[in-house]
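# Structural overview
Here are the chains, one letter per residue:
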Amino acid sequence: MATSATIGNLQVTALVDLTPPPRDVSAIYPDVPADDWGPYQDFALENGMWQTQFCAFLIKAVNGDGPIVLVDTAMGPGEEPGKLLEELAASGVDPDDISAVVTTHPHGDHVGWNVSYDGDSPRATFPNARYMLARADWDYWTSDEIAANVPAIGKSVQPLAGLGVLHLVDGEEEVAPGVKTLPANGHTPGHQVVVVESNGETGVIVGDLFHNVAQVTETEWCPMFDWNQDMARASRRDILGRAASGGWTVFAGHLKIGANIGKVSGSGDRFTWQSV
Ligand SMILES: [Zn+2]
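Conventions adopted
Residue indices follow the written sequence of each chain, beginning from 1 at its first position. pLDDT decides what is reported in this predicted model: residues at 70 or higher carry local features, side-chain atom pairs at 80 or more are listed and counted, and totals for whole chains, interfaces and linings draw on all residues regardless. Processing note: side-chain calculations cover all non-hydrogen atoms of the structure and skip hydrogens and water entirely. Numbering of helices and strands runs from the N terminus, with a helix taken as a DSSP run of H or I at least four residues long and a strand as a DSSP run of E at least two residues long. What the globule rule says is 2.2 Å times the number of residues to the power 0.38, and the radius of gyration is computed from C-alpha atoms. When a residue's accessible area, from a 1.4 Å probe over protein chains only, is under 20% of the maximum for its type it is buried; when over 50% it is exposed; and in between it is partly exposed. Note on contacts: a residue pair qualifies if any of its non-hydrogen atoms lie within 4.5 Å across the two residues. Areas reported here follow the Shrake-Rupley algorithm with a probe of radius 1.4 Å; residue values treat only the protein chains shown as occluding. We define a salt bridge as a contact between a side-chain nitrogen of Lys or Arg and a carboxyl oxygen of Asp or Glu at a distance within 4 Å. In plain words, nonpolar cores are sets of buried Ala, Val, Leu, Ile, Met, Phe, Trp, Tyr and Cys residues tied together by side-chain atoms within 4.5 Å. Working definition: rings of Phe, Tyr and Trp (its six-membered ring) pair if their centres are within 6.5 Å, and the pair is stacked with planes under 30 degrees apart, edge-to-face with planes over 60 apart, and tilted otherwise.

Helix and strand counts for the chain stand at 10 helices and 18 strands. Against the compact-globule benchmark of 19 Å for 276 residues, the chain has a radius of gyration of 18 Å, which places it among compact chains. Taken over the C-alpha atoms alone, the chain extends approximately 50 × 45 × 35 Å along its principal axes. The buried share of the chain, taken over its 276 residues, is 53%. Taking as baseline every contact in the chain between residues at least 6 positions apart, the subset at least 24 positions apart corresponds to 67%. Carbon and sulfur atoms make up 49% of the accessible area of the chain, which totals about 11500 Å².

Attention shifts here to the environment of Tyr40. Locating Tyr40 in the fold gives a position in the loop between α1 (25-28) and α2 (41-44). A C-alpha to C-alpha distance of 9.9 Å links Tyr40 and Asn212, two positions 172 residues apart in sequence. Not counting the four nearest positions on each side in its chain, Tyr40 is found in contact with Leu45, Ala214, Thr217, Glu218, Trp221 and Arg270.

Turning next to the side chain of Thr217. Within the fold, Thr217 resides in helix α9 (residues 214-217). In contact with Thr217, not counting residues within four places along its chain, are Tyr40, Asp269, Arg270, Phe271 and Thr272.

Take the pattern of salt bridges next. Taken as a whole, this structure holds 11 salt bridges when the rule is applied. The salt bridge partner of Arg270 is Glu218, with a shortest N-O separation of 3.3 Å. Remark: Glu218 occurs in the loop between α9 and α10 (229-246) and Arg270 occurs in strand β18 (residues 270-275); sequence separation between them is 52 residues. Residue Arg270 is classed as partly exposed on the basis of its relative accessible area of 44%. Each of Glu220, Asp230, Arg233 and Arg237 takes part in salt bridges that share partners, so that together they form one network.

Attention shifts here to the nonpolar core. With 32 residues, the main nonpolar core has Tyr29, Trp37, Val204, Val206, Phe210, Ile239 and Trp273 as its most contacted residues. The leading source of residues in this core is α10, at four residues. Non-local contacts of Trp273, meaning those with residues more than four positions away in its chain, are made with Phe210, Val213, Val216, Val250, Ala252, Leu255, Ala259, Asn260, Ile261, Gly262, Lys263 and Val264. Formed by 24 residues, the second largest nonpolar core is a distinct cluster that contains Val16, Ala61, Val71 and Val196.

Inspection of every chain in the model, using the stated rule, returns nine aromatic pairs. Between Trp50 and Phe225 the ring centres are 6.0 Å apart and the planes differ by 40°, which places this aromatic pair in the tilted class. One end of the pair, Trp50, is in strand β4 (residues 49-50); the other, Phe225, is in the loop between α9 and α10, and 175 residues separate them in sequence. Residue classification places Trp50 among the buried positions, given a relative accessible area of 4%. On the basis of relative accessibility, which here comes to 25%, the residue Phe225 falls in the partly exposed class. With a centroid separation of 6.1 Å and 75° between ring planes, the pair formed by Phe210 and Trp273 is classed as edge-to-face. One end of the pair, Phe210, is in the loop between β15 (201-205) and α9; the other, Trp273, is in strand β18, with 63 residues separating them in the sequence. A single burial state applies to Phe210 and to Trp273, both of which are buried.

Structure representation (structure tokens):
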């Protein structure tokens, strides 16, 4: 299932790879008392549980011309194979057509389809793309002690260097006309979001800036996945603040499909989400 919105001449489409089983919300947000979920129960949780999904975002021109960009590659083939490549095909896009893959951060649910394997031999699933990963994340995640404990790094990230498709990003960088990276560190050391600008309109694909819609309002709340909570909060407030004041459209991969594209209002450390 896909949902999309246009930003000027560019179309941004959420492609759902996999919907995992719901999880106990107190396990994901161990520092948030159960009662504090009260006001958010109905629209942020599903039967009291944390329900997320694993998504990638496709950016292409409405008229079909120009470079095609994929932001993240979701969970990938596995015990329960993801559907990203089928979703891509349904959108009329061949893996060969992708000119850039931006990785918001290299957690397993964002890099799963980066590399495909013929036996033990890796190949780039998107052979004509440069894979854009923040240098700070590359340096952190490929250190011996981290890589040894995170299988997704050896399987889906480190091979990119040998395949000649890895492009390390420092700060803001243009991905394609109207598409650029923007650092939003904290969830991981190099976590980055993707800003899309066309014809006076702006959108932002936020990666894992928040994992539940309640965090748009309660920006203090951090899931257990955030690497540096203070930094994650500061980035969350910074990007949401810019989105609110600029009227940006926000694309959030971990929110429920159908409610994962929205606008935000507010300022400071509290915002309100409105799905579009
Ligand atoms: Zn994630």
